[in-house]
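# Structural overview for review
Listed here are the chains, written in short residue letters.
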Amino acid sequence: MRIAYETWGRLAADASNAVLVLHALTGDSHAAGPAGPGHPTAGWWDGLIGPGRALDTDRFHVVAPNVLGGCQGTTGPASLRPDGRVWGSAFPDLTQRDQVAAEAELAWALGIRRWALVVGGSMGGMRALEWAVSRPESVRSLLVLACPAAASAEQIAWARVQLGAIRADPHWHGGDYHGAAPGRGPHTGLGLARRLAQVTYRSEAEFQERFGRLPQGAEDPYRGGRYQVESYLDHHADRLVRRFDAASYVVLTKAMNGHDVGRGRGGTRAALRRVTARTVVAGVDSDRLYPLYQQRELAEGIRGARPPRVITSAHGHDGFLVETGQVGALLAALTQPV
Ligand SMILES: CC(=O)SCCNC(=O)CCNC(=O)[C@H](O)C(C)(C)COP(=O)(O)OP(=O)(O)OC[C@H]1O[C@@H](n2cnc3c(N)ncnc32)[C@H](O)[C@@H]1OP(=O)(O)O
Ligand SMILES: N[C@@H](CCO)C(=O)O
């Protein structure tokens with residue numbers, strides 16, 4: 001397999017200053033830095049990583065890999081198999097454990113045996129947690145944001161609707177569409193999946209405050225036009241289908257459904273007891289996808305973790321991406337010398 005990653009800052013001679021930053025479902029290795037070739041936007045945590053920032057690259061060597069199964073440089077369903085054909089539907093099902101095993105190979109190759117800090121939100125939080133449970137000796141500090149110990153029935157239910165939308169697209173072809181002419185992939189299905197997901201990523205109050213019942217521009221919703229909120233979802237769908245592979249979306253979504261740190265480990269409690277890292281768990285007060293009670297369960301199960309820190313935000317689950325000031329304060333608590 002191939003793993004794409006970016007780094008910032010210099011690795012200390014004893015490799016003691018390495019920080020692992022793990023992205024969420026549709027993120028990538030470009031966690032920091034400006035937009036440029038291959039990166040239509042600035043890094044998704046650009047405000048947090050750099051000289052003098054919360055993850056101070058004058059002190060830390062920050063590593064951000066693209067997840068296994070992804071489509072931003074790391075091997076995934078759109079990659080070529082050894083025989084030169086696209087993986088497509090032959091790409092294996094993955095779990096967070098497989099993805100962390102791949103990241104452990106990367107750490108080994110980079111000469112990093114122990115991370116000073118592992119941090120991630122949402123799907124990245126699941127992998128951060130999995131690192132600390134499966135390889136406690138490799139994680140000195142841990143920041144887990146907006147994620148659960150195990151995917152809940154409702155999370156699997158939302159995912160089911162998204163998977164159904166993609167698979168129902170006539171251009172899906174069972175996952176073997178990659179050889180089709182450009183523009184002929186399952187974009188309609190992926191767009192529908194993103195629209196639904198985007199609703200779960202934001203809050204009801206935000207939508208009401210931001211969009212209410214307003215029409216989009218000069219459009220008349222009573223005469224075939226759209227409400228603003230519909231246009232907003234259309235925009236997020238359009239953006240995603242331009243940059244993300246539907247089969248990767250399916251593989252990663254199924255991996256998130258499979259997330260359960262307690263599986264085969266005597267249950268959640270027993271698994272969380274394995275964590276030895278200095279840990280901060282945080283959630284977003286308006287997150288309807290990964291509600292705060294799930295972070296409470298994590299914090300209660302991890303030795304030494306205090307009650308979850310609460311990120312105050314109108315923006316729902318996406319608060320972990322938007323509220324960089326508050327996330328920065330959480331990082332500071334873990335990056336100050338004890
Ligand atoms: C690490 C990771 O997890 S993923 C990597 C980063 N995430 C993504 O790229 C996922 C997609 N983006 C997002 O989820 C969000 O944009 C975030 C979380 C990154 C940032 O959130 P916010 O700054 O609150 O963005 P918001 O949800 O308001 O969306 C802004 C976009 O909606 C557009 N928009 C707002 N209202 C409307 C409307 N009525 N009609 C059409 N478009 C609209 C804006 O023009 C803007 O477009 P642009 O991003 O192309 O410039
Ligand atoms: N906006 C985030 C939400 C999932 O955590 C993403 O697209 O990855």
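Reading guide: rules and limits
Residues numbered from 1 in each chain as written. Chains lettered and ligands numbered in written order. Predicted model: local features only at pLDDT ≥ 70, side-chain atom pairs only at ≥ 80, totals over all residues. Heavy atoms only, no water. Pairing = 2+ DSSP bridges. Helix = DSSP H or I, 4+ residues; strand = E, 2+ residues; numbered from the N terminus. Axes fitted to C-alpha atoms, helices over the stretch in contact; angles between N-to-C directions. Contact = heavy atoms within 4.5 Å. UniProt positions renumbered as here; feature names shortened; annotations may be inferred. Buried < 20%, exposed > 50% of the residue type's maximum accessible area, 1.4 Å probe, protein only. Polar contact = N/O pair within 3.5 Å; in protein donor to acceptor, adjacent residues only side chain to side chain. Parallel < 35°, antiparallel > 145°, perpendicular 65-115°, else oblique. Left-handed = near helix turned anticlockwise from the far one by under 90°. Nonpolar A, V, L, I, M, F, W, Y, C, P; charged D, E, K, R; others polar. Near = heavy atom within 4 Å. Areas by Shrake-Rupley, 256 points an atom, 1.4 Å probe, with all protein chains shown as cover. Expected span 1.5 Å × (residues − 1).

As a further point, take the sheet that holds strand β2 (residues 18-22). Strand order in this open sheet of seven strands is β1-β5-β2-β6-β7-β8-β9, and the pairing throughout is mixed. What marks the edges here is a single partner per strand, and that holds for β1 (5-8) and β9 (309-311). Taking the axes of each pair of neighbouring strands and ignoring which way they run, one obtains an average angle of 20° across the sheet. Note: β2 against strand β5 (residues 61-65), three bridges, orientation parallel. Each residue of the ladder has a partner; that of A18, found in β5, is H61. Against the sheet, helix α1 (residues 96-110) touches β1, β2 and β5, its axis set at about 140° to β5. Set on the sheet, helix α11 (residues 324-335) makes contact with β6 (117-121), β7 (141-145), β8 (278-284) and β9; between it and β7 the angle comes to about 160°.

In this section: the UniProt feature "active site" (unreviewed entry) in the chain. UniProt's feature table lists "active site" (unreviewed entry) at S122, D287 and H317, given in the numbering used throughout. These annotated residues cover 196 residues of sequence, and their C-alpha atoms lie no more than 10.8 Å from one another, placing them together at a single site. Along the chain, S122 turns up in the loop between β6 and α2 (123-134). Using a relative accessible area of 6% as the deciding quantity, one classes S122 as buried. Leave out the neighbours within four places in its chain, and S122 touches A24, L145, A146, C147, Y290, H317 and F320. Judged by relative accessible area, D287 falls into the buried class, the value being 4%. Sequence-distant contacts of D287, that is, excluding residues within four places in its chain, are made with A146, G316 and H317. Within the local environment of D287, its side chain forms a polar contact with the backbone nitrogen of Y290, the two atoms lying 2.8 Å apart.

Attention now goes to unusual backbone geometry. Positive phi is not limited to glycine here, since A146 has a value of about 50°. With respect to the secondary-structure elements, A146 resides in the loop between β7 and α3 (153-167). You will see that H173, though not glycine, has its phi angle at about 50°, which is positive. You can see H173 is positioned in the loop between α3 and α4 (187-201).

Let's shift gears to the UniProt feature "binding site: substrate" (unreviewed entry) in the chain. Cross-referencing UniProt, the feature "binding site: substrate" (unreviewed entry) maps to R194 and D318 in the present numbering. For this annotated set, covering 125 residues, all C-alpha atoms fall within 13.6 Å of each other, a compact arrangement in space. The class for R194 is buried, based on a relative accessible area of 9%. Not counting residues up to four positions away in its chain, the partners in contact with R194 are T26, Y201, H236, A237, L240, R243 and Y249. Position of D318 relative to the elements: it lies in the loop between β9 and α10 (319-322). Using a relative accessible area of 11% as the deciding quantity, one classes D318 as buried.

Let us look at the packing of α4 against helix α6 (residues 228-243). Axis separation between α4 and α6 bottoms out at 8 Å; the angle between their running directions is 130°. Taken as axis vectors, α4 and α6 run oblique relative to one another. α6 is crossed by α4, and the crossing has right-handed handedness. Taking contact as the criterion, the partners of H187, L190, G191, R194, R195, Q198 and V199 in α4 are, on α6, Y232, L233, D234, H236, A237, L240, V241 and R243. Tallied by class, the residues present in the contact of α4 with α6 amount to seven nonpolar, four polar and four charged.

A word on the site of ligand 2. Taken together, A24, L25, T26, S122, R194, Y201, H317, D318, F320 and L321 make up the full set of residues near ligand 2. Within the backbone of L25, an N or O atom sits 3.4 Å from an oxygen atom of ligand 2. Between D318 and ligand 2, the recorded distance is 2.9 Å, taken from a side-chain N or O atom to a nitrogen atom. Expressed as a share of its isolated accessible area of 260 Å², the protein-covered part of ligand 2 is 93%. Secondary structure elements with two or more residues in the shell around ligand 2: α4 and α10. Residue composition of the shell around ligand 2, by class: five nonpolar, three polar and two charged.

Glancing now at α4. Taking 1.5 Å of rise per residue, the 15 residues of α4 would be expected to cover 21 Å, and the 20 Å separating its terminal C-alpha atoms lies within 8% of that figure. Taken as a whole, α4 has its buried residues at G189, L190, G191, A193, R194, A197, Q198, T200 and Y201.

Here the focus is the site of ligand 1. Neighbouring ligand 1 are 18 residues, the closest being R202, R210, S231, Y232 and R239. In this structure, S231 approaches ligand 1 through a side-chain N or O atom, which is 2.6 Å from a nitrogen atom. Here an oxygen atom of ligand 1 sits 3.1 Å away from a polar atom, N or O, in the side chain of R243. Across the complex, the protein chains shield 68% of the 990 Å² of accessible surface that ligand 1 would expose by itself.

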